Amino acid sequence: MSPAFRRIVYVISYELVAVALTTVGLTVLGFGGGSSGAVAVAASTVAVVWNYVWTTVFEAWERRQDCATRTVGRRIVHAIGFEGGLVVLLLPIVAWTLKVSLLQALSLEAGLLAFFLVYTFVFAWLFDMIWPPVR
């Protein structure tokens with residue numbers, strides 16, 4: 001599998017499983033299946049678009065810096081910027097779609113962020129075991 005095709009398969013499979021798990025999780029929490037699915041699809045779409053936009057902006061900024069290597073500090077800034085932007089973008093979508101307050105939506109977002117931290121780690125690990133990276 002070529003590196004580009006592998007990345008495409010990774011993103012598509014990651015998002016499909018994420019949509020399914022998010023829909024089930026929100027439904028278990030008492031939100032209707034339709035609303036839960038809508039939030040999951042919206043969150044997935046926003047996350048993919050925001051990831052592309054944020055990474056493009058971040059890498060443009062990074063190219064203008066003196067240090068050419070991606071340090072741990074830069075990786076942390078990249079991750080916090082991505083997650084922070086995602087929360088800001090998704091908060092009104094979650095509140096409106098699920099008909100909850102912004103504070104309740106923030107609470108749901110915090111739970112989703114914690115879940116996705118673990119999910120991303122496990123998914124990437126399993127994906128690499130099934131389709132090892134091309135070296």
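Residues numbered from 1 in each chain as written. Predicted model: local features only at pLDDT ≥ 70, side-chain atom pairs only at ≥ 80, totals over all residues. Heavy atoms only, no water.

Caption draft 1: Spatial organisation of the environment of Leu29. With respect to the helices, strands and loops of the structure, Leu29 is situated in the loop between α1 (3–28) and α2 (33–63). With a relative accessible area of 58%, Leu29 lands in the exposed category. Separated by 85 residues in sequence, Leu29 and Ala114 place their C-alpha atoms 16 Å apart. (Helix = DSSP H or I, 4+ residues; strand = E, 2+ residues; numbered from the N terminus. Buried < 20%, exposed > 50% of the residue type's maximum accessible area, 1.4 Å probe, protein only.)

Caption draft 2: Examining the packing of α2 against helix α3 (residues 72–98) more closely. At a closest axis distance of 9 Å, the pairing of α2 and α3 adopts a crossing angle of 150°. The pairing of α2 with α3 is recorded here as roughly antiparallel in orientation. Handedness of the α2/α3 crossing: right-handed. The residue inventory of the contact of α2 with α3, partitioned by class, reads 18 nonpolar, eight polar and two charged. (Axes fitted to C-alpha atoms, helices over the stretch in contact; angles between N-to-C directions. Parallel < 35°, antiparallel > 145°, perpendicular 65-115°, else oblique. Left-handed = near helix turned anticlockwise from the far one by under 90°. Nonpolar A, V, L, I, M, F, W, Y, C, P; charged D, E, K, R; others polar.)

Caption draft 3: Region of interest: the layout of surface pockets. Approximately 1100 Å³ is the volume found for the largest pocket. Residue lining of the largest pocket: 30 residues in total, with Tyr14, Asn51, Phe82, Glu83 and Thr120 positioned closest to the centre. When contributions to the lining of the largest pocket are tallied by element, the ones reaching two or more residues are α1, α2, α3 and α4 (102–130). Per-element tally for the lining of the largest pocket: the top contributor is α2, with nine residues. By residue class, the composition of the lining of the largest pocket is 18 nonpolar, six polar and six charged. (1 Å grid on protein atoms, 1.4 Å probe; cavity = no way out; pocket = protein on both sides within 12 Å on 5 of 7 lines; lining within 4 Å. Points joined across faces, edges and corners; volume = space filled by probe spheres on them.)

Caption draft 4: Spotlight on α1. With 26 residues, α1 should cover 38 Å at 1.5 Å per step; its first-to-last C-alpha distance of 37 Å lies within 8% of that length. Within α1, burial applies to Arg6, Tyr14, Glu15, Ala18, Thr22, Thr23 and Leu26. Buried-residue contacts for α1 involve α2, α3 and α4. Immediately beyond the C-terminal end of α1, within one or two residues, lies Gly30, with a positive phi of roughly 105°. (Expected span 1.5 Å × (residues − 1). Contact = heavy atoms within 4.5 Å.)

Caption draft 5: Expanded view of the packing of aromatic side chains. For the structure on display, the rule yields 15 aromatic pairs. With 5.9 Å between their ring centres and 20° between their planes, Tyr10 and Tyr14 make a pair best called stacked. Here Tyr10 and its partner Tyr14 are both found in helix α1, four residues apart, which amounts to about one turn of the helix. You can call Tyr10 partly exposed: its relative accessible area is 22%. For the ring pair Tyr14 and Tyr119, a centre distance of 4.8 Å and an interplane angle of 45° mean the geometry is tilted. Of the two residues, Tyr14 is situated in helix α1 and Tyr119 in helix α4; the sequence distance between them amounts to 105 residues. Judged by relative accessible area, Tyr14 falls into the buried class, the value being 12%. Assessed through its relative accessible area of 8%, Tyr119 is described here as buried. Taken together, the aromatic side chains of Tyr10, Tyr14, Phe115, Phe116, Tyr119, Phe123, Phe127 and Trp131 make up a single cluster linked through ring pairs. (Phe/Tyr/Trp six-rings, centres within 6.5 Å; stacked < 30°, edge-to-face > 60°.)

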